[in-house]
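Listed below are the residues making up each chain.
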Amino acid sequence: MNLHEYQAKELLKKYNVPVQEGIPVDRADAAEEAYKNLKVQFGNAFAVVKAQIHAGGRGKGKIQGTEQRGVAVGKSAEEVKQIASNILGGTLVTIQTGAAGKLVNKVLVAQDVYYPGPNPIKEFYLSILLDRGRGQNVIMYSTEGGMDIEEVAHNTPEKIFKEWVHPGGGLQAFQARKIAFNLGLKGEAFKNCVKFVTNLYNAYVGLDCSMLEINPLFKTSDEKIIAVDCKMNLDDNSLMRHPELEAMRDISEEDPTEVEAGKFNLNFVKLDGNVGCMVNGAGLAMATMDMIKLSGGEPANFLDVGGTANATTVEAGFRIILKDPKVKAILINIFGGIVRCDRVAQGVIDAYKSIGNIEVPIIVRLQGTNAEEAKKLIEESGLKVQSAILLSEAAALVGKAVA
Amino acid sequence: MSILVNKQSKILVQGFTGTEGTFHATQMIEYGTNVVGGVTPNKGGTTHLDRPVFNTVADAVKETGANVSIIFVPPAFAADAIMEAAEAGIALVVCITEGIPVQDMVKAKLFLQSTKTRLIGPNCPGVITAGECKVGIMPGFVFKKGKIGIVSKSGTLTYEASDQVAKAGLGVSTAVGIGGDPIIGTTTKEALELFMNDPETEAIVMIGEIGGGMEAEAARWYKEQKVKKPVVGFIAGQTAPPGRRMGHAGAIIGGAEDTAEAKMAIMKDCGITVVSSPADIGATMASIIKK
């Protein structure tokens, strides 16, 4: 599950991680209010208005049909209000959102941290994630902050440092010091960085994050170390022990069809193709998508119905796939183990009758427990459903349907 | 021979009296698996499915001599169950549970390093030695006795492969579902190595998917071996879009080497016969064996 920047920052503050302060608002006049409050609190004449969407590249992205960037500095209350009103309700298109963009419902009015002072400011990069190969968490960091880290890794890999954390002992003080030294920090900034990294790691573990990225990690002109932006992904498997985090989910950021599928315990991912599919098991579902492609089609979705394929889930799956007007055929591929194929077949027949007119060809491949009975059921139902037992037969039928 | 489990294995079921545990233990017993008992805290001293129930794994091991355990414990408690089994000296722990928090597995994996226990899974269908012993949730009838070893990240794709192998006139020695999570106990390479050293296995089907570097690691290890058995490989997720989670938590395309395309190229380069369609696994294996 992904969080918004303003939500992630609220959580980080609970772990004593210093952040660029701000106030989330959903109206332009509230943005003006927020600006005034921040000015009283921090004494800065500038404030940054940041669109809150689940995608990166906001600073370079533009609101559709305008020249307004997703992150902009306002130099007065009026200007902040104007920027907020330009962004709110608009659709922000960034390199990560795709051409469709994302609707902005909230902006974060944030303190300007690039204020002048005795020392130079500096932008770094720091993230914490799981190294699957080692089975350990790793802190990845670089002196090159504020930019695309993939590019840094590609062009100047020597500027990326990694610090692995022992699962038993956790992050050690010497490791936090090493990170601060490698970032070239001294004096107050060094001490602040050690504290920052230590507390950030505690937040990563305490909140069961799957990824926590601070870019830029910022040194102010008065030697503070703060998170200016924060991208936080939570481990879905751990949400059961964090109901307060689950409550922060912003459903408007998620694909409505995927949310709908989730209600039926269906694992659904929307894709761009013309052949819908419904499969039991994630691996077989991916393999089925591959097979659709090899047969001349393009998969329209990933849909894993799991171990409990029955009439209700099959019908829900049908309805979800059929919402997509691009779908030219639907392939149902079930390998019955514990799930009995004849029951799935009955589910398909019931769902078909309940939905009424399904205009696209349906190909049903049922294999495993009671596969022969299932094929018979479907053939005797009189429905326009094509039935297969072997995967290769199903592939051929898909090829015919899209030809 | 075969690998990991056989007729002599004594199986313990953790989460024995729950719905899942009861259903699958019954199926395992019907298959002929030697289930010697189970563990459900606070139900010790009772019996279930005509077998004794214990409060702790340690008690169960002392009384029954169990050397394999299968875990059907809910996700929040599953990592604890793995560590309890390892602490009690169980040689092989098979964890079926799906949805274990990743940080729990980070700790459990470290814990296992100081024991002699091998973990299969989590989030896997288990292990089956055809005609002898089923420690998992797979449909037993799909696995015909034979000489092909199967290692796979996916459950239903394992059944698919086994079925195709049988239709091609061959059979299975042991099938191992290693699981689709980012952190798992036994890797593709380790399972492949067990098969290469097993006299009853003549050839291997290796099924992977997008995400992680395990298939590349296995392929490179295979290339180094002097004595080789034929391997047919398939990688699911050639059409998966980058950055999206495809059901299995581990199936997110991230780095350069974890796309299906990259993995298939590495496997080919290392001498593995790679099929691009999942429908071709059985026939390809048969054509290689007959050569």
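Predicted model only: the values in this text are computed from it and were never measured.

Analysis parameters
Residues numbered from 1 in each chain as written. Chains lettered and ligands numbered in written order. Predicted model: local features only at pLDDT ≥ 70, side-chain atom pairs only at ≥ 80, totals over all residues. Heavy atoms only, no water. Helix = DSSP H or I, 4+ residues; strand = E, 2+ residues; numbered from the N terminus. Rg over C-alpha atoms; globule rule 2.2 N^0.38 Å. Buried < 20%, exposed > 50% of the residue type's maximum accessible area, 1.4 Å probe, protein only. Contact = heavy atoms within 4.5 Å. Areas by Shrake-Rupley, 256 points an atom, 1.4 Å probe, with all protein chains shown as cover. Lys, Arg positive; Asp, Glu negative; His and termini not counted. Charge placed at Lys NZ, Arg CZ, Asp CG, Glu CD. Buried area = accessible area lost by both parts, 1.4 Å probe. Salt bridge = Lys/Arg side-chain N within 4 Å of Asp/Glu carboxyl O. Polar contact = N/O pair within 3.5 Å; in protein donor to acceptor, adjacent residues only side chain to side chain. Nonpolar A, V, L, I, M, F, W, Y, C, P; charged D, E, K, R; others polar. Phe/Tyr/Trp six-rings, centres within 6.5 Å; stacked < 30°, edge-to-face > 60°. Lys NZ or Arg CZ within 6 Å of the ring centre and 35° of its normal. Pairing = 2+ DSSP bridges. Axes fitted to C-alpha atoms, helices over the stretch in contact; angles between N-to-C directions. Parallel < 35°, antiparallel > 145°, perpendicular 65-115°, else oblique. Core = buried A, V, L, I, M, F, W, Y, C linked by side-chain atoms within 4.5 Å.

Caption draft 1: The arrangement of the overall build of chain B in detail. Each helix and strand in chain B was counted, giving nine helices and 14 strands. Relative to its length of 291 residues, chain B is compact, with a C-alpha radius of gyration of 18 Å against a globular reference of 19 Å. Over its C-alpha atoms, taken along the principal directions, chain B stretches across nearly 55 × 40 × 30 Å. In chain B, which comprises 291 residues, the share counted as buried stands at 62%. Restricting to contacts in chain B with at least 6 residues of sequence separation, those with at least 24 account for 73%. Accessible surface, chain B: about 10600 Å² in total, of which carbon and sulfur atoms supply 52%. Across chain B, the centroid of the 27 positively charged side chains sits 5 Å from that of the 28 negatively charged ones.

Caption draft 2: Expanded view of the interface of chain A and chain B. With 45 residues of chain A at the contact, the number on the chain B side is 51 residues. Together chain A and chain B conceal approximately 3700 Å² of surface at their shared face, both sides included; 64% is due to carbon and sulfur atoms. Among the residues of chain A in contact with chain B, A:Arg132, A:Met286 and A:Phe335 are the three that bury the most area, contributing 18% of the side total. Taken together, the links from chain A to chain B amount to two salt bridges. Put simply, chain A and chain B have eleven residue pairs in polar contact (both at pLDDT 80 or more) between them. Secondary structure elements with two or more residues in the side of chain A that touches chain B: strand S14 (267-270), helix H9 (282-294), strand S17 (329-336), strand S18 (362-368) and helix H13 (391-402) of chain A. Broken down by element, the side of chain A that touches chain B gets its largest block of residues, ten residues, from H9(A). Among the residues forming the side of chain A that touches chain B, the class breakdown is 20 nonpolar, 16 polar and nine charged.

Caption draft 3: Local environment of the packing of aromatic side chains. Within this structure, the stated rule accounts for six aromatic pairs over all chains. Measuring from ring centre to ring centre gives 5.2 Å for A:Tyr141 and A:Phe161, while their planes differ by 20°; the resulting arrangement is stacked. You can see A:Tyr141 sitting in strand S9 (residues 136-142) and its partner A:Phe161 sitting in strand S10 (residues 160-165), a full 20 residues away along the chain. In this arrangement the basic side chain of A:Arg134 is found over the ring face of A:Trp164, its NZ or CZ atom lying 3.5 Å from the centre. Sitting above the plane of the B:Tyr222 ring, B:Lys228 keeps its charged end 5.6 Å from the centroid.

Caption draft 4: Expanded view of the sheet that holds strand S3 (residues 47-48) of chain B. All names here are of chain B. Pairing in this open sheet of seven strands is mixed, and the strands run S3-S4-S2-S1-S5-S6-S7 from one edge to the other. The open sheet has two free edges, formed respectively by S3 and strand S7 (118-120), since each of these has just one partner strand. In the sheet, S3 pairs with strand S4 (residues 51-54) via two bridges, with the strands oriented antiparallel. Each bridged residue has a counterpart across the sheet, and for Thr47 the counterpart in S4 is Pro52. Relative to the sheet, helix H2 (residues 57-64) contacts strand S1 (11-14), strand S2 (35-39) and S4, its axis offset from that of S4 by approximately 145°.

Caption draft 5: Fine view of unusual backbone geometry. Here A:Asn215 and A:Pro216 are connected by a cis peptide whose omega angle stands at 5°. Residues B:Gly121 and B:Pro122 are joined by a peptide bond in cis, for which omega reads 10°. Locating B:Pro122 in the fold gives a position in the loop between S7 and strand S8 (126-129). A positive phi angle is found at A:Asn265, which is not glycine, with a value near 60°. Secondary-structure assignment places A:Asn265 in the loop between helix H8 (256-263) and S14. Classification of A:Asn265 by relative accessible area gives exposed; the value is 69%. Unusually for a residue other than glycine, A:Asn370 sits at a positive phi of about 60°. Looking at where A:Asn370 falls in the secondary structure, it is placed in the loop between S18 and helix H12 (371-380).

Caption draft 6: The sheet that holds strand S5 (residues 91-93) of chain A, seen in detail. Residues and elements named next belong to chain A. An order of S3-S5-S6 is seen for the three strands of this open sheet, with the pairing classed as antiparallel. Edge positions in the open sheet fall to strand S3 (62-63) and strand S6 (102-103), since each of these has one partner strand only. By the bridge criterion, two bridges tie S3 to S5 in an arrangement that is antiparallel. Looking at the pairing, Ile63 lines up with Leu92 of S5.

Caption draft 7: Molecular detail of the side chain of B:Asp163. Locating B:Asp163 in the fold gives a position in helix H5 (residues 155-167). Accessibility expressed as a relative area gives 11% for B:Asp163, which makes it buried. Among all residues touching B:Asp163, those that are not within four sequence positions of it are A:Phe335, A:Gln367 and B:Val142.

Caption draft 8: A look at the packing of helix H7 (residues 214-224) of chain B against helix H8 (residues 260-269) of chain B. Residues and elements named next belong to chain B. At their nearest, the axes of H7 and H8 sit 9 Å apart, and the two run at 10° to each other. With respect to H8, the element H7 is oriented roughly parallel. Two secondary-structure elements touch here, H7 through Glu215, Ala216, Ala219, Arg220 and Lys223 and H8 through Lys263, Ile266, Met267 and Asp269.

Caption draft 9: Representation of the nonpolar core in the model. Of all hydrophobic cores here, the largest spans 94 residues; its most connected members are B:Phe143, B:Leu192 and B:Val205. For this core, the leading source of residues is H9(A), giving eight residues. Residues in contact with B:Val205, not counting those within four places in the same chain, are B:Ile148, B:Gly149, B:Ile150, B:Val151, B:Ala161, B:Val165, B:Val232, B:Ile281 and B:Met285. Residues A:Phe196, A:Leu200, A:Ala203 and B:Ala81 belong to the second largest nonpolar core, which totals 70 residues.

Caption draft 10: Up close: the pattern of salt bridges. Summed over all chains, the structure comprises 35 salt bridges over all chains. For the salt bridge of B:Asp104 with A:Arg241, the shortest nitrogen-to-oxygen distance reads 2.8 Å. Placement of B:Asp104 in helix H4 (residues 102-113) and of A:Arg241 in the loop between strand S13 (231-234) and helix H7 (243-246) is noted, with the two residues assigned to different chains. Taking the relative accessible area as the measure of exposure, B:Asp104 reaches 12% and is therefore buried. Taking the relative accessible area as the measure of exposure, A:Arg241 reaches 35% and is therefore partly exposed. With a shortest N-O distance of 2.7 Å, A:Asp324 and A:Lys270 are connected by a salt bridge. Taken together, the residues A:Asp324 in the loop between helix H10 (311-322) and S17 and A:Lys270 in strand S14 connect sequence positions 54 residues apart. A:Asp324 sits in the buried class, given a relative accessible area of 12%. For A:Lys270, a relative accessible area of 27% corresponds to the partly exposed category. A network of salt bridges, in which partner residues are shared, links A:Glu5, A:Lys9, A:Lys50, A:Arg58 and A:Asp229.

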